[in-house]
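Structural characterization, general
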Amino acid sequence: MSRAAPHVTHEVLNQVPPLAGYDVADDPALAEALRQEAPRQASDTEGWVRELHQLGQRAGSAQTQELARLANEHPPVLRTHDSRGNRIDEVEFHPAWHELMETAVGHGLHAAPWLDGTPGAHVTRAAEFYVWAQAEAGHGCPISMTYAAVPALRHEPRLAERFGQLLGSRTYDPGLRVPEGKAGLLAGMAMTEKQGGSDVRANTTRAVPAGDGYQLTGHKWFCSAPMCDLFLVLAQAPEGLSCFLLPRVLPDGTRNSMRLQRLKDKLGNRSNASSEVEYDGAFAWLVGEPGRGVTTIIDMVSATRLDCVLGSAAAIRQACVTAIHYTSIRRAFGAALATQPLMVSVLADLALESQAATTLAMRLAGAADRAARGDAGELALLRLALPAAKYWVCKRTPMAVGEALECLGGNGYVEESGLPRLYRDAPLNSVWEGSGNVTALDVLRALARSPGSADALLAEIDLAADADRRLDAAAARLRRELKEAVAAGTEAQHRARRLAGLVAATLQASLLVRHAPGAVADAFCASRLHPGAAGSGPGTPFGTLPDGLDLGPIVARSSPATDCG
Ligand SMILES: Cc1cc2nc3c(=O)[nH]c(=O)nc-3n(C[C@H](O)[C@H](O)[C@H](O)COP(=O)(O)OP(=O)(O)OC[C@H]3O[C@@H](n4cnc5c(N)ncnc54)[C@H](O)[C@@H]3O)c2cc1C
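Residues numbered from 1 in each chain as written. Predicted model: local features only at pLDDT ≥ 70, side-chain atom pairs only at ≥ 80, totals over all residues. Heavy atoms only, no water.

Quick look at unusual backbone geometry
Which entries qualify depends on this criterion: Under the scheme used here, helices are H or I runs from DSSP no shorter than 4 residues and strands are E runs no shorter than 2 residues, and both carry numbers assigned from the N terminus. Partly exposed describes any residue whose relative accessible area lies between the buried limit of under 20% and the exposed limit of over 50%, with all areas from a 1.4 Å probe on protein chains only and scaled to the type maximum.
A positive phi angle, near 50°, is found at F333, a position not held by glycine. Among the secondary structure elements, F333 is positioned in the loop between β10 (331-332) and β11 (335-336). With a relative accessible area of 86%, F333 lands in the exposed category. For E433, which is not a glycine, the phi torsion comes out positive at approximately 60°. Examined against the element boundaries, E433 turns out to sit in the loop between α13 (428-431) and α14 (436-449). Among the residues examined, E433 registers a relative accessible area of 9% and is labelled buried.

So, the site of the ligand
To keep it simple, the criterion reads: The rule for a residue being near a molecule or strand is that one of its heavy atoms must lie within 4 Å of it. The term polar contact refers here to a pair of N or O atoms within 3.5 Å; inside protein, the definition further demands a hydrogen-donor-capable atom paired with an acceptor-capable atom, and it admits residues adjacent in sequence only when both atoms are side-chain atoms. Under the convention used here, a 1.4 Å probe and the Shrake-Rupley method define accessible areas, while residue burial counts only the protein chains that appear.
Around the ligand sit 20 residues, and of these M191, T192, G197, S198 and S224 come closest. One of the backbone nitrogen or oxygen atoms of M191 is found 2.7 Å away from an oxygen atom of the ligand. In the model, a nitrogen atom of the ligand is placed 3.3 Å from a nitrogen or oxygen of the F222 main chain. Contact with the protein chains hides 67% of the accessible area of the ligand, taken as 980 Å² for the molecule alone. Looking at the shell around the ligand, the elements that each hand over two or more residues are β3 (187-190), β5 (213-224), α13 and α14.

Re the environment of L441
Put simply, the test is: Whether two residues touch is decided by their heavy atoms; if any such pair falls within 4.5 Å, the residues are in contact.
The residue L441 is located in helix α14 in this model. Sequence separation between L441 and T205 is 236 residues, and the spatial gap between their C-alpha atoms is 26 Å. The contact partners of L441, leaving out residues within four places of it in the chain, are Q493 and A496.

Some words on the pairing of β5
Definition in use: Pairing between two strands is assigned when DSSP locates at least 2 bridges connecting them.
Direction of pairing for strand β4 (residues 206-210) relative to β5: antiparallel, over a ladder of 5 bridges. For A210, the partnering residue across the bridge sits in β5 and is G213. Where β4 folds back onto β5 in an antiparallel hairpin, the turn is made up of 2 residues, including G211, whose phi is positive at roughly 60°. Direction of pairing for β5 relative to strand β9 (residues 274-287): antiparallel, over a ladder of 9 bridges.

A few points about the pairing of β3
Residues A187 and M189 line one face of β3 and the alternating positions G188 and A190 line the opposite face, and both faces are buried. Across 4 bridges, the pairing between β3 and strand β6 (residues 230-237) is parallel. Residue pairing in the sheet places M189 in a bridge with L232 of β6.

Digging into the environment of L52
Among the secondary structure elements, L52 is positioned in helix α3 (residues 48-59). Here L52 falls in the buried class, since its relative accessible area comes to 3%. C-alpha of L52 to C-alpha of C223: the two residues are 171 residues apart in sequence and 31 Å apart in space. If near-sequence neighbours (up to four positions away) are discounted, L52 is found in contact with A25, L30, L34, A127, E128 and V131.

Some details on the packing of aromatic side chains
Stated precisely, the cut-off is as follows: Stacked, edge-to-face and tilted are the three classes for Phe, Tyr and Trp ring pairs, Trp counted by its six-membered ring, which pair at centre distances within 6.5 Å; planes under 30 degrees apart are stacked, over 60 edge-to-face, the rest tilted. The criterion for a charge sitting over a ring is simple: Lys NZ or Arg CZ within 6 Å of the ring centre, and within 35 degrees of the ring normal.
The full count for this structure, using the stated rule, is 6 aromatic pairs. Their ring planes at 45° and their centres at 6.4 Å tell us that Y391 and W392 sit as a pair that is tilted. Taking the ring centre of Y147 as reference, the NZ or CZ of R125 above it sits at 3.7 Å. Note that K264 overlies the ring of F222, its terminal NZ or CZ placed 4.4 Å from the centroid.

Quick word on the pattern of salt bridges
Going by this rule: One speaks of a salt bridge when a side-chain nitrogen belonging to Lys or Arg is within 4 Å of a carboxyl oxygen belonging to Asp or Glu.
If you walk through the whole model with that rule in mind, you get 35 salt bridges. For R363, the salt bridge goes to E460, with nearest N and O atoms at 2.9 Å. Of this pair, R363 sits in helix α10 (residues 341-372) while E460 sits in helix α15 (residues 452-462), and the two are 97 residues apart along the sequence. The exposure class of R363 is buried, given its relative accessible area of 7%. In this structure, R370 engages E378 in a salt bridge whose closest nitrogen and oxygen atoms are separated by 2.9 Å. We classify R370 as partly exposed; its relative accessible area is 26%.

See the structure below:
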């Protein structure tokens, strides 16, 4: 029998090796921000900095990328009952999820900084969260919620004392058991109900006093990471909407009656479980004053919003380095794509977005660190700047990721490139913890309720006064618009997005003027601050930078240090 002779149909040419085996923490904008916000730790090059780079190496390794792929391609599975028909209400995760969680908890990315009195502890945690979020975003959800639960829990010192150490423990101990018997705990939050998530005052879940706590009856429409040990839950007590701490397992070892009805089939964030739950007389402890649930849980919301900004800055950075890596190697029309003028403009624009997002996110982490230690000025700055940044950076993320995806051409649209997952995940931070409109309206609320917040913001921006005339003009415009918004009160609602964007872009510009190389600050001011651009939309696509800018150093500053090309 004759056989076809072996033959080669073609040589594989001009394909780019995946970006792997690089140090995610090798990021000049991050390093500069650390020098500003946590100088002590940033100078500890043999200690903490070395650890950060070890985490960066792990985040950029092929092994971690494989864990991320597996955790997303094998999403969590709900097991409502055991083989004999008893309710168990458990979610089963792929081992890759647990491995990612173990690294995150082991590095204290959850609640560890609350146990650390060192100034800068929240900043270093923020840097590590930003680096590790580039490994896989979905598992960041329970990590962030655990970080954020602690300040809310402190409204009830007895409970903070009881669970604080375990929430900050660096041991990842999954599984439903009595909290005090575990080596480490994770916390979630449950506010959103079917009839409304933004307006939580409409919550219908009822809380009735019982023993040393309350019995909760009702439901939640979104409850992510339902295998957490503890949940901060809003429910209507006789005094009004109140905050509660609900354990999955009761002190006597029996399961609390929190029933998992379904897992959501989500656009992205697929490694993470988001459930619909019902409480059938579930036991919970009151946190804070009855009737003041929103005031209590707002501390948790604020900390998760910081993580939304950090997580979105991480996604923009990851997309940006992937695009730069690819286009540096891929050739078309006789030259590497990254050398061709129009692609340089796209890459530089993405790099600007990335560096500005990272710088702003880390500045806010510094403010959160100092505010946690009693700095009233930094707290005032956060009140206004955090919702503005949450609105702006999270809104810019899907656009930036979409543009980076296109830099890889058709390969970017294909799952194996990693960009489709990043793209699906990109809108999430804008949706949860206050969707775009709600966070923009929070900017107005901060202006009305915390009059010092506008002064704190303008004082921060003024630290860069007289260094760039475009920034000075933007600061003057912002000053005017803030004043007008205060005078207009609720009439200003329709322009809240524009104002929030203007706050964020002007603050970014001032930080870059003070701390970034001249080429970066110049291009940012030239492209983001003119009256038609700053904070307003829909905005032109990336890659439309004005003429006459020095783009090479901007792209170089965002290039991944890799030898895989
Ligand atoms: C993947 C994922 C995980 C989540 N996990 C959790 C969780 O663990 N716990 C939890 O409690 N929730 C969770 N959520 C829910 C999320 O926080 C809510 O979806 C969000 O707060 C919006 O609430 P809603 O869906 O009820 O929308 P609505 O409140 O119905 O809002 C719809 C739209 O109207 C806008 N809007 C609302 N009010 C105004 C206004 N006054 N003016 C103008 N526009 C307005 C909003 O910005 C939004 O765009 C999760 C959501 C997602 C997608």
